[in-house]
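# Examination of the molecular architecture
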Amino acid sequence: MITSLLMNGVCACCLGRMRAPESASRFTSIAIPKADAAVSRARVQMPLSGRLRLEGGTIVNPHDGSLVEGMDILVSQGRIVALQPAGSAKSDPSAQTIDATGKFVVPGYNDMHSHVLELDNPSGGLALLLAQGVTGFRQMSGSPELLAARRSQTLPVGKGEPALLEMPGSVLTPMNASSSEAIVAEIASQKAQGADFMKVAFVSAPVLAVGIEAAKKAGIPILGHLQDGADPAASAEAGFKSVEHLGPGATVWVACSSAEAELKGDAKPIEIKAPPAWIPFLRQLIMWRFKTVLINPSAFVPPAYVAMMQRAFDTFDQSKFEALAARFVAEGTWHVPTLVRLRTQELADLPEYENDPFLRFMPKSSIKAWRGVTKKFKKLPAVTRQTYVEAYQRQQQLTKLLADAGVRMMTGSDGGWLSAPGLTLQEEFVQLAEAGLSPLKILQMTTINAAEYLDRAHTMGTVEPGRNADLVLLDANPLESVENLGRIAGVVRAGFHYSKQDLDALKERVAKGGGYLN
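A separate point is the packing of aromatic side chains. Enumeration over the complete set of coordinates arrives at seven aromatic pairs. Here the aromatic rings of Trp253 and Phe313 are separated by 5.1 Å at their centres, their planes lie at 90°, and the arrangement is edge-to-face. Taken together, the positions of Trp253 in helix H7 (residues 251-255) and Phe313 in helix H10 (residues 303-314) put the pair 60 residues apart, joining distant regions of the chain. Residue Trp253 is classed as buried on the basis of its relative accessible area, which comes to 3%. Residue classification places Phe313 among the buried positions, given a relative accessible area of 1%. When the ring of Trp334 is compared with that of Tyr453, the centres are 5.5 Å apart and the planes differ by 85°; the resulting orientation is edge-to-face. With a gap of 119 residues between them, Trp334 in strand S14 (residues 334-336) and Tyr453 in helix H17 (residues 448-453) connect regions that are remote in the sequence.

Structural data, given as structure tokens:
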């Protein structure tokens, strides 16, 4: 059972946490734990709500990269109400005024593959997102409890945290969707609970096909993993909305191989069986086991599967790729590469991870677990590790090929419950740039593309009157270098301004509190 899962590029949070979320009132501040667990959570007080004025900034248009210098941005009740040349409007004593002279103002970033709400302390994880410029996130795994908490407005997500843009119910797996009948019933149930979309992983190709059709009939998007054995082109045509992690695994590579027929015989669909009903605790035991395994599935993948991936790389057919990419474009199928997650899996032995700045935000227990799995990774056969090195290079190339072909793409970190360093949206920006994407393209992926995907271009994605006041102030032109997307001078979330000092204080609270998982 475990081997079958690992052979399919498991994303570390896809099975979800088997726990009900802590009930909480709608926050108006960011709650972060103190170092002493016995002390109640400390809160960083937010500025008073009301009017905000950013003076003299340069507004960046993510559509075309045009710049408008010397502009005042007027905000009221969480919305942009006006853009005016600097100094042209009367002073407003009631407005909080921020000097944005020399700063570049872009729409807030959106992490479109996150698992932050699964943390034991989601507020700490949300604080770290905000400090990276993330003002909105798509939660990629839910539960009946999380959906109920959203309905009752008791999720720990308010004006002081990045906005929850979308959330599914429980991930569709053989645990809850082991057959055609089961997946149809689960989709109907989750829609009734208020899920925004269906997230699928691990199910066999025949069950996946039934699920895509059932979701289409129910009028709810289905997206996630195209597992081994699935046909990417057929899935796109049937209505699969968003492919995560470039597949994951070998699915796309097999479809683009001149040896596709041969490799399809090797790429067996996963074979996970739901535990018998008369063993109620077995599900929890399986989940507990995967908390270690999912830190890095690449450390556990059978050599035969890795060899099959190498064969797919060696037989890559450009014409077959172009046909598949054209199908993605025609069907409006989106991709969220999460290169940063693939990198932590396939290049897990890079020395830089041992000194990653993100380690200071991870609990000691998580660091210990990550190092234990990495030790196992380092013992893999040399040929296996070499294939992984090539795999990441190929995935970067595939990302660029998809972008050049016009396939719609968004940014995502796969961060949240994961026990590995470096899983941040800022690092995803760096990896996308290394793949060959321009700073403007990356900015588009995290702003206007997310708005278009969500059908919310009228409320988010640009700096215009009527849009949500979710903004990032940068110290340098983000179109000149991807590093400048991380030179954050301040963040505005729902009309509330956070200076760099405020954001640094949030990060320090998380670090001193023992990490975001506590």
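Take helix H5 (residues 205-218) next. A rise of 1.5 Å per residue sets the reference length of H5, with its 14 residues, at 20 Å; its end C-alpha atoms lie 20 Å apart and thus fit the reference within 8%. Among the residues of H5, Ala205, Val207, Leu208, Gly211, Ile212, Ala214 and Ala215 are the ones counted as buried. Tucked inside the fold, the buried residues of H5 contact helix H4 (180-193), strand S11 (198-200), strand S12 (222-224), helix H6 (232-238) and strand S13 (240-244). Where H5 ends, the next residue or the one after it, Gly219, has phi of about 75°, a positive value.

The next thing to look at is the side chain of Arg341. Here Arg341 is to be found in helix H12 (residues 339-346). Polar side-chain contacts of Arg341 include one of 3.0 Å to the side chain of Gln345.

This part is about the sheet that holds S12. Strands sit in the order S11-S12-S13-S14 across an open sheet of four strands; the sheet is parallel. Each edge of the open sheet is held by one strand with a lone partner, namely S11 and S14. Adjacent strand axes in the sheet meet at a mean angle of 25°, parallel and antiparallel pairs treated alike. Pairing geometry for S11 and S12, over three bridges, is parallel. Paired with Lys199 across the strands is Leu223, a residue of S12.

Definitions and limits used
Residues numbered from 1 in each chain as written. Predicted model: local features only at pLDDT ≥ 70, side-chain atom pairs only at ≥ 80, totals over all residues. Heavy atoms only, no water. Phe/Tyr/Trp six-rings, centres within 6.5 Å; stacked < 30°, edge-to-face > 60°. Helix = DSSP H or I, 4+ residues; strand = E, 2+ residues; numbered from the N terminus. Buried < 20%, exposed > 50% of the residue type's maximum accessible area, 1.4 Å probe, protein only. Expected span 1.5 Å × (residues − 1). Contact = heavy atoms within 4.5 Å. Polar contact = N/O pair within 3.5 Å; in protein donor to acceptor, adjacent residues only side chain to side chain. Pairing = 2+ DSSP bridges. Axes fitted to C-alpha atoms, helices over the stretch in contact; angles between N-to-C directions.

What is shown is where atoms sit, not what they do.
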